Amino acid sequence: MPPLRFATAALVLAALVLALAALPGAAPAAASDPARALDAARRAQQALEAGDARAALELADRALADGLAGEENRAVTLKLRGAARQTLGDLPGALADYSQAAALAPHYPEAFHNRGAAFLEMGDLHAALADFDHALDLRPDYDLARFNLARTALDLGDAPRAARELTVLLAHAGPDPAAYFLRARARQAMGLAGPARQDYDAALELEPDAPQLLLARGLLRLDQGDAAGALEDFDRAAAGAPGSAVPHYNRAVALERLGRPGQAEAAYSEALRIDPGLPDARNNRGALRSLAGRHAQALEDFDRALRLAPDFAPALLNRAAARQALGDSAGAMTDLNRARALAPGLPGLEERRARLALEHNDFPVAAEAFSAVLAAEPANGEALLGRARARLLSGAPGPAGADCSALLDGAPDPARRAEARLLRGQARFMEGDFAAADDDLGAALAARPGDSLAALWRFAARLRAGRPAPAPAAPQDDGWPAPLVRLARGELAVQSVEGSAGNDPDRLCQARFLAGQLLLARGEPAQAVRWFQEAVATRRAARPEFHAARAELRRLGF
């Protein structure tokens, strides 16, 4: 099962506040009605502070049209109109007003700050940072500009600067949960988990029940391996935000880490009850259901996750496992290939693709996929063994033997070592190095003395190497490959062995290969060629005997 994909909770920063300075006094100038204009400007500011942006816009328009006296008064009113436009979603209009205000009053920090806020909302982070910087140059104690500068620096990837600016802000303005929260994020980005935790704790002392803060601290605790502590934070966040699916999703992640899959599945289900459109929750719940053997239910979750997010590679990987478990190997490979196109480095993908290809005798694809696994993990013994088998059954005994040698150099466990010796012995046999094949097959047989097929391969290798070739031990029962053992012991005629194999092409391939070996040992190469050709005619590429028969024919000039 590949690692489950864990989405981070969306954490909301402190709302961006638009600075609204009081209108400075100005000497009357020639205008249609400066007193009425000034009154309209003041009422526009009051309307904006009351949340009525549309009335603020109308009043600011009236103030400017009535000939507001003084450049500073006009600059402040333009900034105020820009704030109303920005609130109403007219960002180009807001930007134009802020720029005009900055041009009229170049020492007016609020104009630059608010223009920075508009740039920030438009996604132009560099322009926003420059304006926040300039606002602070004009007024070093402008706390809101410093906060937004830190936020923008963090978004641009400059976490150290964000942390420095917030430290200055906290020293000047005193404890503030939003500033602690943002500095915690900056410190996390710098890899400073301990100081980040201190900031989250400080923020929660000021706002103990803030769901966003609890979620953030819970995620940090989860990253630090404290799943129990994270669960406490997520429980509190869920209690404080009953209509949000995010705390329940993160509760499920923590419960999985704590080894409580049943409760984790229930938490994912609660998250999906609140918000059915969460592909991550669908995928993770499906993975838990697959682990419990409920593959049909899991498939429903993966299908729904992929309807919500068609390019969700982890869900494709997980759906492939469910499809394979339900017997749909073709669908499984389709999902794995699509996941590979979307996310080539997805953990577990190439190994699963290799295993599926090996299971379905697509040996070149299996070898390619195992190679991808080994490119990332050169010492992966299972992948080396898998690639050796795939290469052997692709008709490439030399590379297969090299993989076995690399594995044996790494001192694997006894079972894997025995398998590597068997595969290398078969590879060496195919290459015509019968003495080395005998040594490897003897070692494999010593580790697995009851392996009749290994004993038959060794018997053939010793015959070809000119070494004493005692017949394998008598079979314990009459099942396959007992007829082959009796053939090697001289208890069954070569002409009778095919009848013992019946119509099974795998058994026919094995029987014909061994018969050819015995005929070669008797000095009857022409008859051996016929049997090797019959072995190849079975087209059982999944049998090493098929490839060994082909190798024998090449050596005999066919």
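Only a predicted model underlies this, so the values are computations on that prediction, with no experimental measurement involved.

Asker: Give me helix α10 (residues 193-206): which residues, what numbers.
Answerer: Relative to the 20 Å expected for 14 residues at 1.5 Å per residue, α10 spans 20 Å between its end C-alpha atoms, a close match to the ideal helical length. When we look at burial in α10, the residues that qualify are Ala-196, Asp-199, Tyr-200, Ala-202, Ala-203 and Leu-204.

Asker: How would you explain the layout of surface pockets if you had to name every residue and give the values?
Answerer: What the second largest pocket holds in volume is close to 260 Å³. Around the second largest pocket, the lining is made up of 17 residues, and of these Gly-450, Ser-452, Ala-473, Ala-474 and Pro-475 lie nearest the centre. Of the residues assigned to the lining of the second largest pocket, the class counts are 11 nonpolar, four polar and two charged.

Asker: Describe the side chain of Arg-289, with residues and values.
Answerer: Mapped onto the elements of the fold, Arg-289 is located in helix α15 (residues 279-291). For Arg-289, a relative accessible area of 10% gives the class buried. Among the polar contacts listed, one links the side chain of Arg-289 to the side chain of Glu-265, at a separation of 3.0 Å. What Arg-289 contacts, discounting residues up to four positions off in sequence, is Glu-265, Arg-294, His-295, Gln-297, Ala-298 and Asp-301.

Asker: Lay out the pattern of salt bridges with the relevant residues and their values.
Answerer: A pair can form between side chains of opposite charge whenever their charged atoms are brought close. All told, the structure shown has 59 salt bridges when counted by the stated rule. In this structure, Arg-81 and Asp-61 form a salt bridge, with 2.9 Å as the shortest nitrogen-oxygen distance. In this pair, Arg-81 sits in helix α3 (residues 71-87) while Asp-61 sits in helix α2 (residues 53-65), placing the two residues 20 residues apart along the sequence. Overall, the relative accessible area of 14% leaves Arg-81 in the buried class. For Asp-61, a relative accessible area of 32% translates into the label partly exposed. Among the salt bridges present, the one from Arg-489 reaches Glu-491, with a minimum N-O distance of 2.9 Å.

Asker: Please set out the environment of Gly-194 residue by residue, giving values where relevant.
Answerer: One can find Gly-194 in helix α10. Since its relative accessible area comes to 37%, Gly-194 is described here as partly exposed. Taking the C-alpha atoms as reference, Gly-194 lies 9.5 Å from Ala-184; in sequence the two are 10 residues apart.

Asker: Report on unusual backbone geometry, specifying residues and quantitative values.
Answerer: Note the cis peptide between Trp-480 and Pro-481, where omega equals 10 degrees. Within the secondary structure, Pro-481 is located in the loop between α25 (452-465) and α26 (482-488). A positive phi is found at Asn-361, a non-glycine position, where the angle reads about 65 degrees. Tracing the backbone shows Asn-361 in the loop between α19 (349-359) and α20 (363-376).

Asker: Could you give me a rundown of empty space enclosed by the protein, with the residues and numbers involved?
Answerer: Going through the model one piece at a time under the given rule, you end up with one cavity of 30 Å³ or more. By volume, the largest cavity is sized at about 80 Å³. Around the largest cavity sit Leu-453, Leu-456, Trp-457, Ala-460, Leu-484, Gln-510, Phe-513, Leu-514 and Glu-545, which together line it. Broken down by secondary-structure element, the contributors of at least two residues to the lining of the largest cavity are α25 and α28 (505-521). In terms of residue count, α25 provides more of the lining of the largest cavity than any other element does, four residues in total. Along the lines of polarity and charge, the residues of the lining of the largest cavity split into seven nonpolar, one polar and one charged.

Asker: Summarise the nonpolar core; cite the residues concerned and give the values.
Answerer: Judged by nonpolar contacts, the single largest core of 83 residues is most densely connected at Leu-166, Leu-222, Phe-234 and Tyr-268. Apart from residues lying up to four places away in sequence, Leu-222 is in contact with Ala-227, Ala-230, Phe-234, Val-253, Ala-254 and Arg-257. Counting residues in each nonpolar core, the second largest holds 78 residues, with Leu-317, Met-333, Ala-383 and Ala-460 among its members.

Asker: Any chance you could break down the state of the cysteines for me, citing the residues and the numbers?
Answerer: This structure, assessed with the given rule, holds zero disulfides. In this model Cys-404 remains outside any disulfide bridge; the closest cysteine sulfur is found in Cys-509, 20 Å from its own.

Asker: Explain the confidence of the model for the protein chain to me, and be specific about the residues and the numbers.
Answerer: Per-residue confidence for the protein chain gives a mean pLDDT of 91; residues scoring 70 or more make up 94%. Throughout residues 1-31 the model reports pLDDT below 50, and contacts reaching past four residues in sequence, or to other chains, amount to 93 contacts.

Asker: Summarise α25; cite the residues concerned and give the values.
Answerer: Here α25 is 14 residues long and its end C-alpha atoms lie 20 Å apart, about the 20 Å a rise of 1.5 Å per residue gives. Along its buried surface, α25 packs onto α23 (414-431), α24 (434-447), α26, α28 and α30 (544-555). Near the N-terminus of α25, the side chain that reaches the backbone nitrogen of Leu-453, with its oxygen 3.2 Å away, is that of Asp-451. Phi turns positive one or two residues past the end of α25, at Gly-466, with a value near 75 degrees.

Asker: Tell me about the packing of helix α27 (residues 494-501) against α28, and please be specific about residues and values.
Answerer: A pair of packed helices is characterised by two quantities: the angle between their axes and the separation of those axes. It is the contact of α27 with α28, at a shortest axis distance of 9 Å, that shows an interaxial angle of 170 degrees. With respect to each other, α27 and α28 are oriented roughly antiparallel. Along its contact with α27, which presents Val-494, Val-497, Glu-498 and Ala-501, the element α28 presents Arg-507, Leu-508, Ala-511, Arg-512, Ala-515 and Leu-519. Of the residues contributing to the contact of α27 with α28, the split by class is seven nonpolar, no polar and three charged.

Asker: With reference to specific residues and values, describe the packing of aromatic side chains.
Answerer: The geometry of two aromatic rings is summed up by the distance between their centres and the angle between their planes. Inspection of every chain in the model, using the stated rule, returns seven aromatic pairs. The interplanar angle of 65 degrees and the centroid separation of 5.9 Å between the aromatic rings of Phe-429 and Phe-513 together place this pair among those described as edge-to-face. Note that Phe-429 is positioned in helix α23 and Phe-513 in helix α28, a separation of 84 residues in sequence. As far as burial versus exposure is concerned, Phe-429 and Phe-513 are alike and both buried. One aromatic cluster in this structure is built from Phe-429, Phe-434, Trp-457, Phe-513 and Phe-532. In this structure, Arg-139 packs its charged tip against the face of Tyr-142, placed 4.6 Å from the ring centre.

The rules behind each value
Residues numbered from 1 in each chain as written. Predicted model: local features only at pLDDT ≥ 70, side-chain atom pairs only at ≥ 80, totals over all residues. Heavy atoms only, no water. Helix = DSSP H or I, 4+ residues; strand = E, 2+ residues; numbered from the N terminus. Expected span 1.5 Å × (residues − 1). Buried < 20%, exposed > 50% of the residue type's maximum accessible area, 1.4 Å probe, protein only. 1 Å grid on protein atoms, 1.4 Å probe; cavity = no way out; pocket = protein on both sides within 12 Å on 5 of 7 lines; lining within 4 Å. Points joined across faces, edges and corners; volume = space filled by probe spheres on them. Nonpolar A, V, L, I, M, F, W, Y, C, P; charged D, E, K, R; others polar. Polar contact = N/O pair within 3.5 Å; in protein donor to acceptor, adjacent residues only side chain to side chain. Contact = heavy atoms within 4.5 Å. Salt bridge = Lys/Arg side-chain N within 4 Å of Asp/Glu carboxyl O. Core = buried A, V, L, I, M, F, W, Y, C linked by side-chain atoms within 4.5 Å. Disulfide = S-S within 2.5 Å. pLDDT = per-residue confidence, 0-100. Axes fitted to C-alpha atoms, helices over the stretch in contact; angles between N-to-C directions. Parallel < 35°, antiparallel > 145°, perpendicular 65-115°, else oblique. Phe/Tyr/Trp six-rings, centres within 6.5 Å; stacked < 30°, edge-to-face > 60°. Lys NZ or Arg CZ within 6 Å of the ring centre and 35° of its normal.

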